[in-house]
Amino acid sequence: MTATVSRQHGFLQTNGLHLHYVRQGQGPLMLFLHGFPEFWYSWRHQLDHFAAQYTCVALDLRGYNDSDKPSGINAYRLDVLVEDVRGAIAALGYDRAVLVGHDWGGAIAWAFAYAHPELLQSLIVMNIPHPAKFAEGLRHPQQLLRSWYIGAFQLPLLPELLLQAGDYWAIEQMLRGMAIDKSTFSDADLQAYKTAAAKPGALTAMVNYYRALSFSGPQWQPWGILEVPTLLIWGEADAALGKELSVGTEDYVRHLRLRYIPQCSHWVQQEQPERVNTLMAEFLGG
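Residues numbered from 1 in each chain as written. Predicted model: local features only at pLDDT ≥ 70, side-chain atom pairs only at ≥ 80, totals over all residues. Heavy atoms only, no water.

Describing the packing of aromatic side chains
Per the counting criterion, the structure on display carries 16 aromatic pairs. Aromatic side chains Phe39 and Tyr41 sit 5.8 Å apart centroid to centroid with 15 degrees between the ring planes, which places their arrangement in the stacked category. Ring geometry for Tyr64 and Tyr209: centres 5.6 Å apart, planes at 70 degrees, overall edge-to-face. On the criterion of sequence distance, the pair formed by Tyr64 in the loop between β4 (55–59) and α2 (78–91) and Tyr209 in helix α9 (residues 202–211) is long-range, its members being 145 residues apart. Each member of the pair Tyr64 and Tyr209 is classed as buried. An aromatic cluster is defined as three or more aromatic residues linked by ring pairs; in this entry it consists of Phe36, Tyr64, Tyr76, Trp104, Phe153, Tyr209 and Tyr210. Taking the ring centre of Tyr260 as reference, the NZ or CZ of Lys243 above it sits at 4.4 Å. (Phe/Tyr/Trp six-rings, centres within 6.5 Å; stacked < 30°, edge-to-face > 60°. Helix = DSSP H or I, 4+ residues; strand = E, 2+ residues; numbered from the N terminus. Buried < 20%, exposed > 50% of the residue type's maximum accessible area, 1.4 Å probe, protein only. Lys NZ or Arg CZ within 6 Å of the ring centre and 35° of its normal.)

Notes on the pairing of strand β3 (residues 29–33)
By the criterion of burial, β3 is predominantly enclosed, with five of the five residues buried. The side-chain alternation of β3 yields two buried faces, one formed by Leu29, Leu31 and Leu33 and the other by Met30 and Phe32. Here β3 runs beside β4; their pairing, made up of four bridges, is parallel. Directly across from Leu31, in β4, lies its bridge partner Val57. At this point the chain moves from β3, through helix α1 (residues 44–50), to the parallel β4, and the crossover so formed is right-handed. (Pairing = 2+ DSSP bridges. Right-handed = clockwise from strand over helix to strand, strands pointing away.)

Some words on the pattern of salt bridges
For the structure on display, the rule yields 13 salt bridges. The shortest N-O distance in the salt bridge between Arg211 and Glu160 comes to 2.9 Å. Of the two residues, Arg211 sits in helix α9 while Glu160 sits in helix α7 (residues 158–177), which places them 51 residues apart along the sequence. For the residue pair Arg211 and Glu160, the accessibility class agrees, reading buried in each case. A salt bridge links Glu236 to Lys243; the nearest nitrogen and oxygen atoms lie 2.9 Å apart. Residue Lys243 is classed as partly exposed on the basis of its relative accessible area, which comes to 33%. Shared partners join several salt bridges into a network, and the residues in it are Asp167, Glu172 and Lys194. (Salt bridge = Lys/Arg side-chain N within 4 Å of Asp/Glu carboxyl O.)

Here's the deal with the pairing of strand β2 (residues 17–24)
Most of β2 sits inside the fold, with six of its eight residues counted as buried. Pairing between strand β1 (residues 8–14) and β2: seven bridges, direction antiparallel. Bridged to Thr14 within β2 is Leu17. Hairpin connection between β1 and β2: a loop of two residues separates the two successive antiparallel strands, and Asn15 in this loop has a positive phi of roughly 55 degrees.

Here it is as structure tokens:
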């Protein structure tokens, strides 16, 4: 059932900055963390669906769209991003949440679950591997080739110039170009993403997530056994992250449900929203 509850835009204060968010529905908190190069809008289908049972809140992560954009690479370290989420849950007036993350939002969600398991009712992650599996995958040539952009994003200035060239053609290619079903992203959808990326300081902030990786990894290791009930959803036709990265996740998550969606790209919750929503509802109901 699709909710008809209207969306409300707002700002919350956390970790010394203001984050923009969209809120829809009432009930327990379901907090959504988007990936690159997205913003809260990537969760539009899930907000509509789950607003009948949850207070659904989709953040603009720091640096994105209408959220604050602090300068400097260190402002985008993983431990800082985790603290943003902790403060956001408190600022929204909750002490626990269902945390949902995709891509970079999923990476933050994994780290948050280890840092603050007591704040999570459950964890839902989409098309981003467990950090230990990602580190393992980057030791293999096939995944290294898929992840070439991580190295390219370490360069100063050039990534921003390439991303904005030709009316943000690269962002259009990432979204519609990678999608299996090209109708997933309408022209209006693509314009929304381009408009968000064009806001002053946004592109540098977005790329700084990657530049900060060398400052973020070691403090989250070694990875133990996660006790938070976890659903991992994986679009099998992900051009950036191979399906093999999901294999073996059960070695790190005690209560894991892993579900694959065939003929679906990295943008799983937008390309197959009905299937994703069904899998989420089954997991949460179970």
